[in-house]
Amino acid sequence: METEFADAMEAFPVSRLAETEDPEKLLEGAQPFMELMSRYRCAMMEVETKLRVLDEEFSMTYDRNPFETIKSRLKRPVSIIGKMKRRGYPLTVEEIEKRLNDIAGIRVICSFLDDIYTLADMLAGQDDIRLLEKKDYIVSPKPNGYRSLHLILEVPIFLSHSKQYMKVEVQFRTIAMDFWASLDHKLKYKKDVEEPERIAAQLKECADIISSMDERMQQIRDQIETGKKMEE
Ligand code: 0O2
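This is a predicted model, so every value here is computed, not measured. (Residues numbered from 1 in each chain as written. Predicted model: local features only at pLDDT ≥ 70, side-chain atom pairs only at ≥ 80, totals over all residues. Heavy atoms only, no water.)

Draft legend 1. Representation of the site of the ligand in the model. If you check the shell around the ligand, you find 17 residues, and the closest are Arg-73, Arg-87, Lys-142, Asn-144 and Asp-184. Here an oxygen atom of the ligand and a side-chain polar atom of Arg-107 are 3.3 Å apart. Between the ligand and the protein, one listed contact pairs a nitrogen atom with a side-chain N or O atom of Asp-184 at 2.6 Å. Burial of the ligand by the protein amounts to 74% of the accessible area it has alone, namely 770 Å². Top contributing element to the shell around the ligand by residue count: helix α7 (residues 175–188), with four residues. Of the residues contributing to the shell around the ligand, the split by class is three nonpolar, four polar and ten charged. (Near = heavy atom within 4 Å. Polar contact = N/O pair within 3.5 Å; in protein donor to acceptor, adjacent residues only side chain to side chain. Areas by Shrake-Rupley, 256 points an atom, 1.4 Å probe, with all protein chains shown as cover. Helix = DSSP H or I, 4+ residues; strand = E, 2+ residues; numbered from the N terminus. Nonpolar A, V, L, I, M, F, W, Y, C, P; charged D, E, K, R; others polar.)

Written as structure tokens, this is what we have:
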């Protein structure tokens, strides 16, 4: 409850109430946006639960966990507005819902490459889920070395009087890919970097090393699994 309140406050600049002549009108205007954010929060919870159910089943059946951690985030209003403006879309609640795919975002961090595809297929294959888009930046990394598997899903949320499909972006990556992406993200905020091309080349080199490590770890796991099967 406390979190919901904090999220709602973050979604609405309360300080502006004191500055406006008609605070009630301002609040009324913000209501549809806050409702939209609330629906995205529900969709995020639905997908998180689905992933946790798969995790539970994997632990029972295969005695292992398909992912290490899940991180969820709702895009901040300031980032939503920034993205809409950059892309030249009108700033209305309807357009925000239509144009943006990543307001609700879930990041699934797996130990091994195989787990990414197993989990992604299991999730996208569920009969209440619609797969809208799949971007495989593992098979085709971005030029800077960024790797992850991105799915844009639509998931139904059941409200008191309606059922609505909401978009959720799910990013799957290995621990190593996540390590690289978080450092890359941090470094991008350093504006006064000298020799940016050299830094970019070094980051790309690190991404490639990390990728070979992921492949090696997968091979080691495959060897262990094959060894176990031969013993059985
Ligand atoms: P944040 O803070 O993580 O939300 P689309 O959203 O599909 O219309 P877009 O935005 O080009 O188009 O989508 P894309 O390429 O699938 O990537 C979106 C997200 O992937 C980013 O979200 C990042 O989370 C992650 N990502 C993509 N490229 C990079 C990269 O080079 N480095 C890192 N660290 N992350 C990357 P946001 O909105 O940029 O940020």
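Draft legend 2. Molecular detail of helix α8 (residues 196–231). In this model, α8 (36 residues) spans 53 Å end to end at C-alpha, consistent with the 52 Å of a helix rising 1.5 Å per residue. Looking only at α8, the buried set comprises Leu-203, Ala-207, Ile-210, Ser-211, Asp-214, Gln-218 and Arg-221. On the buried face of α8, the contacting elements are α6 (113–124), β5 (163–174) and α7. (Expected span 1.5 Å × (residues − 1). Buried < 20%, exposed > 50% of the residue type's maximum accessible area, 1.4 Å probe, protein only. Contact = heavy atoms within 4.5 Å.)

Draft legend 3. Representation of the pattern of salt bridges within the structure. Taken as a whole, this structure holds 15 salt bridges when the rule is applied. In this structure, the salt-bridge partner of Glu-95 is Arg-99, at a minimum N-O distance of 2.9 Å. Residue Glu-95 and its partner Arg-99 are both found in helix α5 (residues 93–99); the two are separated by four residues, about one turn of the helix. Between Arg-198 and Glu-195 there is a salt bridge whose closest N-O contact spans 3.4 Å. (Salt bridge = Lys/Arg side-chain N within 4 Å of Asp/Glu carboxyl O.)

Draft legend 4. Quick peek at the packing of α7 against α8. Packing of α7 against α8 leaves a shortest axis separation of 9 Å and a crossing angle of 165°. In this view, α7 runs roughly antiparallel relative to α8, as classed from their interaxial angle. Between α7 and α8 lies a crossing of right-handed hand. Each of Ala-176, Met-177, Phe-179, Trp-180, Asp-184 and Leu-187 in α7 lies in contact with α8, whose residues at this interface are Leu-203, Cys-206, Ala-207, Ile-210 and Asp-214. Here the contact of α7 with α8 is built from residues that sort into nine nonpolar, no polar and two charged. (Axes fitted to C-alpha atoms, helices over the stretch in contact; angles between N-to-C directions. Parallel < 35°, antiparallel > 145°, perpendicular 65-115°, else oblique. Left-handed = near helix turned anticlockwise from the far one by under 90°.)

Draft legend 5. Highlighting the pairing of strand β4 (residues 149–158). Burial analysis of β4 places nine of its ten residues in the buried class, which makes it a mostly covered element. For β4 and β5, the ladder comprises ten bridges, and the chain directions are antiparallel. Paired with Ile-152 across the strands is Glu-169, a residue of β5. Between the antiparallel neighbours β4 and β5 lie four residues. (Pairing = 2+ DSSP bridges.)

Draft legend 6. Summary view of the nonpolar core. In terms of nonpolar packing, the biggest core is built from 39 residues, with Leu-51, Ile-106, Val-108, Val-170 and Phe-172 touching the most fellow members. When contributions to this core are tallied by element, the ones reaching two or more residues are α3 (23–62), β1 (69–74), α4 (77–86), β2 (104–110), α6, β4 and β5. Apart from residues no more than four positions distant in its own chain, Val-108 is found in contact with Leu-51, Phe-67, Thr-69, Leu-119, Val-170, Gln-171, Phe-172 and Arg-173. The next biggest cluster of nonpolar side chains, apart from the first, holds eight residues, and it includes Tyr-146, Ala-176, Trp-180 and Leu-203. (Core = buried A, V, L, I, M, F, W, Y, C linked by side-chain atoms within 4.5 Å.)

Draft legend 7. Seen up close, the sheet that holds β5. Strand order in the open sheet formed by five strands is β1-β2-β5-β4-β3, with mixed pairing between adjacent strands. Among the strands making up the open sheet, the edge pair consists of β1 and β3 (130–136). Across the sheet, the axes of successive neighbouring strands diverge by a mean angle of 25°, strand direction being ignored. Sitting on the sheet, α6 is in contact with β2, β3, β4 and β5, with an inclination near 170° to β5. Strand contacts of α7: β1, β2 and β5, with the helix running at about 95° to β5, the strand carrying the most contacts.

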